[in-house]
Protein chains: 2
Amino acid sequence: MEERLPRDKDPDSEARGRLLAAATDLFARKGYAATAVREIVAAAGVSPPVLYYHFGNKEGLFLELMREAWGDFESTVDAALGETGSARDRLLRLASQVVDLFRAHVGVARVMNSIYYGPPQGAPAFDFDSCHTKFRQAILGLVQEGVSGGEFRPGQVGDMAWAIIGAINIAMEIELCHPELSLGPEGLLRVLHLIFRGIEAPRVGPEEEAL
Amino acid sequence: MEERLPRDKDPDSEARGRLLAAATDLFARKGYAATAVREIVAAAGVSPPVLYYHFGNKEGLFLELMREAWGDFESTVDAALGETGSARDRLLRLASQVVDLFRAHVGVARVMNSIYYGPPQGAPAFDFDSCHTKFRQAILGLVQEGVSGGEFRPGQVGDMAWAIIGAINIAMEIELCHPELSLGPEGLLRVLHLIFRGIEAPRVGPEEEAL
DNA sequence: GTCTATACAATGATAGAC
DNA sequence: GTCTATCATTGTATAGAC
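Model, not experiment: these values are computed from the prediction.

Rotating chain A by 180° and translating it 0.0 Å along the rotation axis places it on chain B, where the RMSD comes to 0.1 Å. Viewed as a symmetry operation, the transformation between the two copies matches a two-fold axis. Of the C-alpha atoms belonging to chain A, the one lying closest to the rotation axis is found on Gly198 of chain A, 1.7 Å away. Both copies present the same face, since 100% of the interface residues in chain A are matched by interface residues at the equivalent positions in chain B.

Where helix 8 (residues 157-177) of chain A meets helix 9 (residues 184-197) of chain B, the closest approach of the two axes is 9 Å, and the angle between their N-to-C directions is 75°. When the interaxial angle is binned, helix 8 of chain A and helix 9 of chain B end up roughly perpendicular. Where helix 8 of chain A abuts helix 9 of chain B, its residues Asp159, Met160, Trp162 and Ala163 of chain A lie against Arg190, Val191, Leu194 and Ile195 of chain B. Among the residues making up the contact of helix 8 of chain A with helix 9 of chain B, the classes are represented as six nonpolar, no polar and two charged.

What follows is about the protein's contact with DNA strand C. Around DNA strand C sit 18 residues, and of these Val37, Tyr52 and Lys58 of chain A together with Ser47 and Pro49 of chain B come closest. The contact atoms of DNA strand C, taken as those within 4 Å of the protein, divide so that sugar and phosphate hold 60%. Between DNA strand C and Thr35 of chain A, the relevant distance is 3.4 Å, taken from a phosphate oxygen to a main-chain nitrogen or oxygen of the residue. Interatomic distance of 2.7 Å between a backbone N/O atom of Val37 of chain A and a phosphate oxygen of DNA strand C. When residues of the surface near DNA strand C are traced back to their parent elements, those giving at least two are helix 2 (37-44) and helix 3 (48-55) of chain A together with helix 3 (48-55) of chain B. Residue contributions to the surface near DNA strand C peak at four residues, all from helix 3 of chain B. Split by residue class, the surface near DNA strand C holds nine nonpolar, five polar and four charged.

Another point: empty space enclosed by the protein. The gaps left among the atoms become clear once a water-sized probe is rolled over them. Residue and element names in this part refer to chain B. Evaluation of the coordinates by the stated rule reveals one cavity of 30 Å³ or more. Estimated volume of the largest cavity: approximately 30 Å³. Forming the boundary of the largest cavity are Phe102, Asn113, Tyr117, Asn169, Met172 and Glu173. For the lining of the largest cavity, the secondary structure elements donating two or more residues are helix 6 (106-117) and helix 8 (157-177). Per-element tally for the lining of the largest cavity: the top contributor is helix 8, with three residues.

Moving on: the packing of aromatic side chains. In this structure the tally under the stated criterion is 18 aromatic pairs over all chains. Here Phe27 of chain B and Tyr32 of chain B contribute two aromatic rings whose centre-to-centre distance is 5.2 Å and whose plane-to-plane angle is 50°, an arrangement assigned as tilted. The same class applies to Phe27 of chain B as to Tyr32 of chain B, namely buried. Among the aromatic residues, those joined into a cluster by ring pairs are Tyr116, Tyr117, Phe126 and Phe128 of chain A. The residue whose ring lies beneath Lys58 of chain A is Tyr32 of chain A, and the NZ or CZ to ring-centre distance is 4.4 Å.

Taken together, the contact pairs 58 residues of chain A with 58 residues of chain B. For the pair chain A and chain B, the summed buried area comes to about 5,200 Å², and 61% of that belongs to carbon and sulfur atoms. Linking chain A with chain B are four salt bridges, by the criterion used here. Note that Arg190 of chain B is salt-bridged to Asp159 of chain A, the shortest N-O span being 2.6 Å.

Before going further, it helps to spend a moment on helix 7 (residues 128-148) of chain A. Taking 1.5 Å as the rise per residue, helix 7 of chain A with 21 residues should run 30 Å; its terminal C-alpha atoms sit 30 Å apart, in good agreement. Burial in helix 7 of chain A covers these residues: Phe128, Cys131, His132, Phe135, Arg136, Ala138, Ile139, Leu142, Val143, Gly146 and Val147 of chain A. Where helix 7 of chain A is buried, its residues contact helix 4 (58-81), helix 5 (87-104), helix 6 (106-117) and helix 8 of chain A together with helix 8 of chain B. Gly150 of chain A occupies a position one or two residues after helix 7 of chain A and carries a positive phi of about 85°.

Another aspect to go through is unusual backbone geometry. Residues and elements named next belong to chain A. Unlike most non-glycine residues, Gln121 shows phi in positive territory, near 60°. Mapped onto the secondary structure, Gln121 falls in the loop between helix 6 and helix 7. Overall, the relative accessible area of 3% leaves Gln121 in the buried class.

Attention now moves to the pattern of salt bridges. Taken as a whole and judged by the stated rule, the model has 26 salt bridges over all chains. For the salt bridge of Arg16 of chain A with Glu64 of chain A, the shortest nitrogen-to-oxygen distance reads 3.5 Å. Placement of Arg16 of chain A in helix 1 (residues 12-30) and of Glu64 of chain A in helix 4 is noted, with a sequence separation of 48 residues between them. Residue Arg16 of chain B is joined to Glu68 of chain B by a salt bridge in which the shortest nitrogen-to-oxygen separation is 3.9 Å. Here the residue Arg16 of chain B occupies a position in helix 1 (residues 14-30), and Glu68 of chain B occupies one in helix 4 (residues 58-81), the gap between them amounting to 52 residues. Three or more residues are tied together by salt bridges with common partners; here these are Arg16, Glu64, Arg67 and Glu68 of chain B.

Residues and elements named next belong to chain A. Of note, Phe128 is situated in helix 7. Separated by 13 residues in the primary sequence, Phe128 and Ile115 place their C-alpha atoms 8.7 Å from one another. Ignoring sequence-local partners within four residues, the contact set of Phe128 consists of Phe62, Met66, Met112, Ile115 and Tyr116.

A few words now on helix 3 of chain B. All names here are of chain B. Among the residues making up helix 3, those that are buried are Leu51, His54 and Phe55. Down the axis of helix 3, the sector holding all buried residues measures 75°, keeping them to one side. Check the buried side of helix 3 and you find it contacts helix 1, helix 2 (37-44) and helix 4. Directly after helix 3, the chain includes Gly56, whose backbone phi takes a positive value near 85°.

Analysis parameters
Residues numbered from 1 in each chain as written. Chains lettered and ligands numbered in written order. Predicted model: local features only at pLDDT ≥ 70, side-chain atom pairs only at ≥ 80, totals over all residues. Heavy atoms only, no water. Least-squares fit on C-alpha atoms with pLDDT ≥ 70 in both. Contact = heavy atoms within 4.5 Å. Axes fitted to C-alpha atoms, helices over the stretch in contact; angles between N-to-C directions. Helix = DSSP H or I, 4+ residues; strand = E, 2+ residues; numbered from the N terminus. Parallel < 35°, antiparallel > 145°, perpendicular 65-115°, else oblique. Nonpolar A, V, L, I, M, F, W, Y, C, P; charged D, E, K, R; others polar. Near = heavy atom within 4 Å. Polar contact = N/O pair within 3.5 Å; in protein donor to acceptor, adjacent residues only side chain to side chain. 1 Å grid on protein atoms, 1.4 Å probe; cavity = no way out; pocket = protein on both sides within 12 Å on 5 of 7 lines; lining within 4 Å. Points joined across faces, edges and corners; volume = space filled by probe spheres on them. Phe/Tyr/Trp six-rings, centres within 6.5 Å; stacked < 30°, edge-to-face > 60°. Buried < 20%, exposed > 50% of the residue type's maximum accessible area, 1.4 Å probe, protein only. Lys NZ or Arg CZ within 6 Å of the ring centre and 35° of its normal. Buried area = accessible area lost by both parts, 1.4 Å probe. Salt bridge = Lys/Arg side-chain N within 4 Å of Asp/Glu carboxyl O. Expected span 1.5 Å × (residues − 1). Arc of directions from axis to C-beta.

By themselves, these are just geometric observations and shouldn't be taken as functional.
Below is the structure:
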């Protein structure tokens, strides 16, 4: 047979990278269990043993994918926490950066999301929980700062954090299932702004009272 | 009396019910693709042909599961929409009832959620989108009423709806991945209340101004 | 309606040549 | 590092008896 494959003498890193990219795409489009090793290697243009050489097995490939994505996420949160400004501004910035990262890696984000909130799909255990907790603690800390500094109402730190996380999650979920409705970076800020300010119309009376 | 047709889906069949329950549990714990027909029938205490007799195949069983869950959800939304009261109260009631339903059927909810936001996992196509859209439209309609009636601020109907949906989704997601942190029925109401009222501390100046 | 037994395709993974 | 060829296992689904 004629040999005209463009992958004749590929450096090792190239096949590895193509496998990671192909797996991300397939896991995101079909799911972990529903994706066969054969499909991954075919999409990457390599033979089965190449996958086992680089990652040990299907689970190893999956874990490597999750590790890289989690590293990106962790860096983003750490960077956002290092910045300065009012609690409100830092919350807005953290939210924007997290959703931007999500938007830039929807594929792997869909996989992580689906396995964290849903069934494991046969995928090996990964500590998604520490990702989630780190993010939750970051938001919680910023809200606490806002309350301590008098920016936010006192006494409902936990509920405030959930409201904000809810807005961030919704922005990401829209990207997953209705990208045509995407809030975009400004939309997320608008929703958060609204949560800070409140939905209800201002009272007409002389002063606002607690309910 | 006329005999039942060979492929009739008998709702009174004991085996049928056990298959549905077993499948819900396994799909929720492992995922659709990762669950073998052999496991389902073993958990239901029947032999493989019983599944094929009642549901045609694995996909048919899955679709039946989704149809029943979607019916429950639709009824809940319709019932909540038929009630009376202020937009605010009706929103709170709809939110509570939807999250209560979710809590009462976490298993099937986890499966639906995971497939809607994530990869299909090899499961057959189901119109989750119309479920989601119906719910979104219900919230949107109630918010619109609130704005028309002067209860809510004008001009941000869409963003308001997302903020509220975000809170409802977060309440459900906590049930999925951190049930020990569950907001409970009161917690959801607290978060929604907060969103209505706003997170920021009231201004000390004479009057609130738009930003 | 339910069983036992089985057909047969697809799966994850490996041996051994180069 | 990568290939071709193949293994053992597990998957969905069915035939035919009762």
